[in-house]
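Listed below, chain by chain, are the residues.
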There are 2 protein chains.
Amino acid sequence: MGCGTVGASAARLLLNDRETRRTRSSADIYLRKVVVRRRESALDAGVPSELISLDYRDILRDEDVGIVVELVGGTDFAGTLIRESLQAGKHVVTANKALLAHEGPELFQTARKNGVSLAFESSCGGGIPIIRALTDGLTANNIDAIYGIVNGTSNFILTEMIENGMSYSEALGLAQESGLAEADPSLDVNGSDSAHKIAIMGSLAFGEAVALEQIPVKGIDTLQSEDVAFGSEMGYVIKLIASATRSSEGSFLRVEPAFINRDHPLAWISGAFNAISVYGHSVGHTMYYGRGAGGSPTASAVLADILSIANGSYPALFSSLLTWPDLSPGARLTPADHILRRYYIRLQLEDRAGILAGVTRVLAEYDISVSSVLQHEVPDVPESHETPVPLVITTHRVEEAKLTAALEKITRLDHIGGRYSMIPILDEHPEFQVW
Amino acid sequence: MGCGTVGASAARLLLNDRETRRTRSSADIYLRKVVVRRRESALDAGVPSELISLDYRDILRDEDVGIVVELVGGTDFAGTLIRESLQAGKHVVTANKALLAHEGPELFQTARKNGVSLAFESSCGGGIPIIRALTDGLTANNIDAIYGIVNGTSNFILTEMIENGMSYSEALGLAQESGLAEADPSLDVNGSDSAHKIAIMGSLAFGEAVALEQIPVKGIDTLQSEDVAFGSEMGYVIKLIASATRSSEGSFLRVEPAFINRDHPLAWISGAFNAISVYGHSVGHTMYYGRGAGGSPTASAVLADILSIANGSYPALFSSLLTWPDLSPGARLTPADHILRRYYIRLQLEDRAGILAGVTRVLAEYDISVSSVLQHEVPDVPESHETPVPLVITTHRVEEAKLTAALEKITRLDHIGGRYSMIPILDEHPEFQVW
């Protein structure tokens, strides 16, 4: 169902590679029908006319259809398609992260009630088999943390800002020209798409149903190129990180631009690629890298789901695993005041005697410990004293609310600009290996 | 069976995490018995005395044992254990890459005849779920290539040579002190261990039974630190690469130290970590990263296999997939003279007029095209003319045998040292995306 970028690629794989698949698996899969709103979209993708249908009920009634692939996108109609397909006793494969993030528990339950399974490898990380890692390859682990670069559009924009010194809007323009960003790029650049994906991955990893509202989300759309450049100077690379970490106190999920050390593997992920770091108590650090979007890579994951439903391995997993969102308790969050992280701060201040002392006094008052300070030399001429200059501070680990309160107070001081930047620094996650 | 480093970690995971596992899967797994040669090794690992047995036949006779885990290592006794376990109707999990590389087809067939399955995630890449990627996550793809850094000991040694300018023997000494290399490190540093792993991965990826004899193997034990340094100067990083590539003409498998561009993700893998790049026709480039050895990471993969056998997903895959080595034809190799690659060459020559001309004349005679030449300036004093200086050349794509013949001829010329270095340069593999 659906013949857009991913649908067309999946249809072509199904049509062209049947003989190859037969040499690789005894499950013989073929394309039975393509449901679209306009016949042209399927014809353009090379789907033979006799396979095209305009009515999805054709599929539900067809006893030869064992698996329905929902690639329509959006949440309303797609939700109806999935629900009715499951109720008709069809397994469902979907790439629909928004729908899963919003209505996961209900959809999983519907599948379970009808004795079929719901597969969604293509919903996170495009062609990267990350859902399989979380539900199968790493199941012996207590997952401590996931840090993902899971939005290729944002990562492409950031890479241009870092490597070619572009501003956010220049880089967005280039992404749009290259077909990597849509005309309305909001869902990608404001972090929503990443939030959908970390909700799905965090739920599976922790065996907790994560609600989207539990994830504070900040995108790259308000990022200043000055901060990108100062970070680089200090050895950090800015990335849009979707993270889910867990301690004995609970879980902590976030989407935000963050600085990571340039030696960490995630710092190397450039352009439209995605990567997801997963830390388990037995395996330590693992990372999964690949193309996180695009028709052909995403269709690779769609086909993998179809094949493992057909050969029976996914249905067996689906019925025995207990970490699906419909079987899991709601996520218990770590109290916000127990989350301590390092931060990068940029203030604008006039180059006058005593200003820096004012800043450090307020930080001390809030018991915030400074790790490093960076202020570039300015020419010692009278007029330069009134031009605001950037002051960059990195802090030791501190609670976010306390730091925000201190910064609000600092920016009310005389000769200090009212706006500031505050970006978390994610240090290398420890590998809690037991032995 | 077996309670060495990996066996002890697997036993501890099985003993300690049973309650956690019950919250994650309806398959309730527990440790029934540990078979060892000496009781002490199991007692030291914390295995309760009543679970220890000195006779593996105890396990074969025990109807409550559904899965046998072979972590004895070696090929003779381990082969007997696996064969008899399969014949007794037990599923088998093994980390034994040497055995699988040597006797894979026979062992898979024995499993099939007895209606059980043989799982081996832990045989390649430690805790990285790479076997699952090849047999499940990427099954919709025709795999074009695999490039793996799959020996942590070698990668640790190379990292020390690159980053700290150590010689091979200094770095090996450090690896031995750190417990990363055994007293006899041969299998690791001579490339055999990597060859076992690429034989397994290549077989699965291509659906061809690869015989070890089909893989030319060169280790890092003859690597010169001068070549590591010259490579760095030219933007390359030396890695021990196990590769399997395929074209319409056949397959090409190799283990060898090779230069890769410092921008390629594999160049970033440092220390004891492993990574495997896999290129598929639909998914493009994907990479899998993690700890490739050690008890705890490897035990993570052992437990994953146990769990997916218990929940039924692996047996379903095992019986439907057709790319297991016992069901596959033998690998058809690309004719050697059709393999064209770029090479790095280092010669030693005296700094005299006409010597370079002699070198380039022979290369021209063999129709070998030079891509770049690097010779550092030497002081213009008479005695320096007789001290051999290194001349580094990189070639355009050329057949290996032809280049070797040219180099043999060059090193017979006057005033040129008889020894030379010749290291392939692996360029970024193209992503053959269909759409």
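If you look chain A up in an unreviewed UniProt entry, it shows as Homoserine dehydrogenase from Salinispira pacifica. Among the UniProt annotations of chain A, the heading Sequence similarities (unreviewed entry) holds the following wording: "Belongs to the homoserine dehydrogenase family."

S.K.: Explain the domain arrangement of chain A to me, and be specific about the residues and the numbers.
M.R.: All names here are of chain A. Taken as a whole, chain A is organised into domain 1 (131–291) and domain 2 (336–426). A straight line from the C-alpha centre of domain 1 to that of domain 2 covers 26 Å. Facing the 22 residues of domain 1 at the interface are 20 residues of domain 2. When domain 1 packs against domain 2, the two sides together hide about 1700 Å² of surface, and 60% of this comes from carbon and sulfur.

S.K.: For the interface of chain A and chain B, give the residues involved together with the corresponding values.
M.R.: Between chain A and chain B, the residue contacts involve 60 residues of the former and 59 residues of the latter. For the pair chain A and chain B, the summed buried surface comes to about 5100 Å²; carbon and sulfur atoms form 53% of the total. Along the contact surface separating chain A from chain B lie four salt bridges. A salt bridge links Arg 132 of chain B to Asp 136 of chain A, with the nearest nitrogen and oxygen atoms 2.9 Å apart. Here chain A is connected to chain B by 18 residue pairs in polar contact (both at pLDDT 80 or more). Mapped by element, the contributors of at least two residues to the side of chain A that touches chain B are α1 (5–16), α2 (18–24), α7 (130–137), α11 (192–206), β10 (284–291), α13 (295–310) and α14 (313–320) of chain A. Of all the elements, α13 of chain A adds the most residues to the side of chain A that touches chain B, at eight residues. Its residues placed into classes, the side of chain A that touches chain B shows 26 nonpolar, 26 polar and eight charged. In terms of strand pairing, β10 of chain A meets strand β10 (residues 284–291) of chain B through four bridges, oriented antiparallel. By the bridge assignment for β10 of chain B, Met 287 of chain A is matched with Tyr 289 of chain B.

S.K.: Quick one: what's the story with the pattern of salt bridges, residue by residue and with numbers?
M.R.: Counting across every chain of the model gives 46 salt bridges over all chains. For the salt bridge of Glu 431 of chain B with Arg 291 of chain A, the shortest nitrogen-to-oxygen distance reads 2.5 Å. Linking Glu 431 of chain B in the segment after β15 (421–426) with Arg 291 of chain A in strand β10, this pair reaches from one chain into another. The class for Glu 431 of chain B is partly exposed, based on a relative accessible area of 27%. In this structure, Asp 58 of chain B engages Arg 61 of chain B in a salt bridge whose closest nitrogen and oxygen atoms are separated by 3.1 Å. Here Asp 58 of chain B and its partner Arg 61 of chain B are both found in helix α4 (residues 57–61), three residues apart, which amounts to about one turn of the helix. On the basis of relative accessible area, Asp 58 of chain B is assigned to the partly exposed category, the value being 26%.

S.K.: Could you give an account of the relation of the copies chain A and chain B, with specific residues and numbers?
M.R.: Overlaying chain A with chain B gives an RMSD of 0.0 Å, the required rotation being 180 degrees about an axis along which the chain moves by 0.0 Å. Such a combination of rotation and displacement between the chain copies is what one expects of a two-fold axis. For chain A, the smallest separation between a C-alpha atom and the rotation axis is recorded for Ser 313 of chain A, amounting to 2.0 Å. A share of 98% of the interface residues of chain A reappears at the interface of chain B, consistent with the copies meeting face to face through the same patch.

S.K.: Please set out the pairing of β10 of chain A residue by residue, giving values where relevant.
M.R.: Residue and element names in this part refer to chain A. Of all eight residues in β10, seven are buried, a share of seventy percent or more. Here eight bridges tie strand β9 (residues 273–280) to β10, and the two strands are oriented antiparallel to one another. Paired with Val 278 across the two strands is Thr 286, which belongs to β10. The hairpin formed by β9 and β10 contains three residues between the paired strands.

S.K.: Describe the sheet that holds strand β3 (residues 67–70) of chain B, with residues and values.
M.R.: Residue and element names in this part refer to chain B. With parallel pairing, the three strands of this open sheet are ordered in space as β3-β4-β5. Where the open sheet ends on each side, the last strands, each with one partner, are β3 and β5 (118–119). On the sheet, helix α13 (residues 295–310) packs against β3, β4 (91–94) and β5 and is oriented at approximately 165 degrees with respect to β4.

S.K.: Lay out the sheet that holds strand β5 (residues 118–119) of chain A with the relevant residues and their values.
M.R.: Across a sheet, paired strands are connected by hydrogen bonds in the backbone, their directions being either parallel or antiparallel. All names here are of chain A. What the three strands build is an open sheet, ordered β3-β4-β5; its pairing is parallel. Sheet topology places β3 (67–70) and β5 at the edges, where each strand pairs with a single neighbour. Pairing of strand β4 (residues 91–94) with β5, which is carried by two bridges, proceeds in the parallel orientation. Looking across to β5, one finds that Val 93 is bridged to Ala 119. Lying over the sheet, α13 contacts β3, β4 and β5, oriented at roughly 165 degrees with respect to β4.

S.K.: Just give me the short version of the UniProt feature "binding site: NADPH" (unreviewed entry) in chain A, but keep the residues and values in it.
M.R.: Residue and element names in this part refer to chain A. The positions UniProt marks with the feature "binding site: NADPH" (unreviewed entry) are Lys 97. In this fold, Lys 97 is placed in helix α6 (residues 97–113). The exposure class assigned to Lys 97 is partly exposed, which follows from its relative accessible area of 24%. Contact partners of Lys 97, with chain neighbours within four places excluded, come to Ser 123, Asp 193, His 196, Lys 197 and Ile 200.

S.K.: Hey, could you go over the UniProt feature "binding site: L-homoserine" (unreviewed entry) in chain A for me, with residue numbers and the actual values?
M.R.: All names here are of chain A. Mapped onto this structure's residue numbering, the UniProt feature "binding site: L-homoserine" (unreviewed entry) falls at Glu 182. Residue placement: Glu 182 occurs in the loop between α9 (168–177) and α10 (186–189). Overall, the relative accessible area of 56% leaves Glu 182 in the exposed class.

S.K.: Can you break down unusual backbone geometry residue by residue, with the values?
M.R.: At His 415 of chain A, a position not held by glycine, the phi torsion is positive, near 65 degrees. Here His 415 of chain A lies in the loop between α16 (400–410) and β15 (421–426). Relative accessible area serves as the criterion here: at 36%, His 415 of chain A is assigned to the partly exposed category. A positive phi angle, near 65 degrees, is found at Asp 367 of chain B, a position not held by glycine. Inspection of the secondary structure puts Asp 367 of chain B in the loop between α15 (355–365) and β12 (370–374).

S.K.: How would you summarise the side chain of Arg 132 of chain A if you had to cite specific residues and measurements?
M.R.: Mapped onto the fold, Arg 132 of chain A is located in helix α7. Engagement of the side chain of Arg 132 of chain A in a polar contact is seen with the side chain of Asp 305 of chain A, the distance being 3.0 Å. Looking at Arg 132 of chain A, its side chain comes within polar contact range of the side chain of Asp 136 of chain B, at 2.9 Å. In this structure Arg 132 of chain A touches Glu 121, Gly 137, Ala 304, Asp 305 and Ser 308 of chain A together with Asp 136 and Gly 137 of chain B, once residues within four positions along its chain are discounted.

S.K.: Help me get a handle on a nonpolar patch on the surface, residues and values and all.
M.R.: Residues and elements named next belong to chain A. Among the surface-exposed residues, Leu 356, Val 370 and Val 373 lie close enough to one another that they form a single nonpolar patch of about 210 Å² accessible area. For Val 370, the location among the structural elements is in strand β12 (residues 370–374). Accessibility expressed as a relative area gives 33% for Val 370, which makes it partly exposed.

S.K.: Now, about the packing of aromatic side chains: what can you tell me, with residues and values included?
M.R.: Under the criterion given, the structure shown has 26 aromatic pairs over all chains. For the ring pair Tyr 236 of chain B and Phe 259 of chain B, a centre distance of 6.1 Å and an interplane angle of 40 degrees mean the geometry is tilted. With Tyr 236 of chain B in strand β7 (residues 236–247) and Phe 259 of chain B in strand β8 (residues 250–261), this pair connects stretches of sequence that are 23 residues apart. The exposure classification of Tyr 236 of chain B matches that of Phe 259 of chain B, with both residues buried. Considering the side-chain rings of Phe 259 of chain B and Tyr 344 of chain B, the 4.9 Å spacing of their centres and the 65 degrees angle between planes classify their relative orientation as edge-to-face. A residue pair is termed long-range when its members are at least 10 positions apart, and Phe 259 of chain B in strand β8 and Tyr 344 of chain B in strand β11 (residues 340–350) qualify at 85 residues. Classification of Tyr 344 of chain B by relative accessible area gives buried; the value is 1%. Cluster of aromatic residues (ring-pair linked, three or more members): Phe 108, Phe 120, Tyr 314, Phe 318 and Trp 324 of chain A.

S.K.: Please provide a residue-by-residue account of α15 of chain B, values included.
M.R.: Residue and element names in this part refer to chain B. Within α15, the full set of buried residues consists of Ile 355, Gly 358, Val 359, Val 362 and Leu 363. For α15, the angular spread of buried residues about the axis comes to 130 degrees, placing them on one side. The exposed residues of α15 that point more than 90 degrees off its buried face are Arg 361 and Ala 364. Packing partners of the buried residues in α15 comprise β11, β12, β13 (388–395) and α16 (400–410).

About the cut-offs
- Numbering of residues begins from 1 in every chain and follows the order in which that chain's sequence is written.
- For this description, chains carry letters from A and ligands carry numbers from 1, given in the order in which they are written.
- In keeping with the predicted nature of the model, local features appear solely for residues at pLDDT of at least 70, side-chain atom pairs appear and are counted solely at 80 or more, and the whole-chain, interface and lining totals rest on all residues.
- Computation of side-chain values covers all heavy atoms of the structure but excludes hydrogens and water.
- UniProt positions are given in the numbering used here, feature names are shortened, and annotations may be inferred rather than shown by experiment.
- The source of the domain bounds is an automatic or database domain assignment.
- Residue contacts follow a heavy-atom distance rule, with two residues in contact if any of their heavy atoms lie within 4.5 Å.
- Accessible-area loss on putting two parts together, using a 1.4 Å probe and summing over both, is the definition of buried area adopted here.
- Salt bridges are defined as contacts in which a side-chain nitrogen from Lys or Arg sits within 4 Å of a carboxyl oxygen from Asp or Glu.
- Polar contacts, as used here, are pairs of N or O atoms within 3.5 Å; protein pairs need one atom able to donate a hydrogen and one able to accept it. Residues neighboring in sequence count only if both atoms are side-chain atoms.
- A run of H or I in DSSP counts as a helix once it spans at least four residues, and a run of E counts as a strand once it spans at least two, with each numbered from the N terminus.
- Residue polarity follows a fixed list, in which Ala, Val, Leu, Ile, Met, Phe, Trp, Tyr, Cys and Pro are nonpolar, Asp, Glu, Lys and Arg are charged, and the others, Gly among them, are polar.
- In short, DSSP must find at least two bridges between two strands for them to pair.
- Buried residues are those whose accessible area, probed at 1.4 Å on protein chains only, stays under 20% of the maximum for their type, while exposed residues exceed 50% and partly exposed ones sit between those limits.
- The least-squares superposition of copies is restricted to C-alpha atoms, and to residues with a pLDDT of at least 70 in both copies.
- Fitted lines through C-alpha atoms serve as axes, helices being fitted only where they are in contact, and the angles separating the N-to-C directions of these axes extend from 0 to 180 degrees.
- Like charges are joined within 9 Å and nonpolar side chains (Val, Leu, Ile, Met, Phe, Trp, Tyr) within 5 Å, but only among residues with over 30% relative accessible area and no salt bridge; these make up the patches.
- Areas reported as accessible are Shrake-Rupley estimates using a 1.4 Å probe. Residue values count occlusion only from the protein chains shown.
- Within 6.5 Å between ring centres, the rings of Phe, Tyr and Trp (the latter by its six-membered ring) count as paired, and their orientation is classed by plane angle as stacked under 30 degrees, edge-to-face over 60, tilted in between.
- Note that the arc is defined by the directions from the helix axis to the C-beta atoms.

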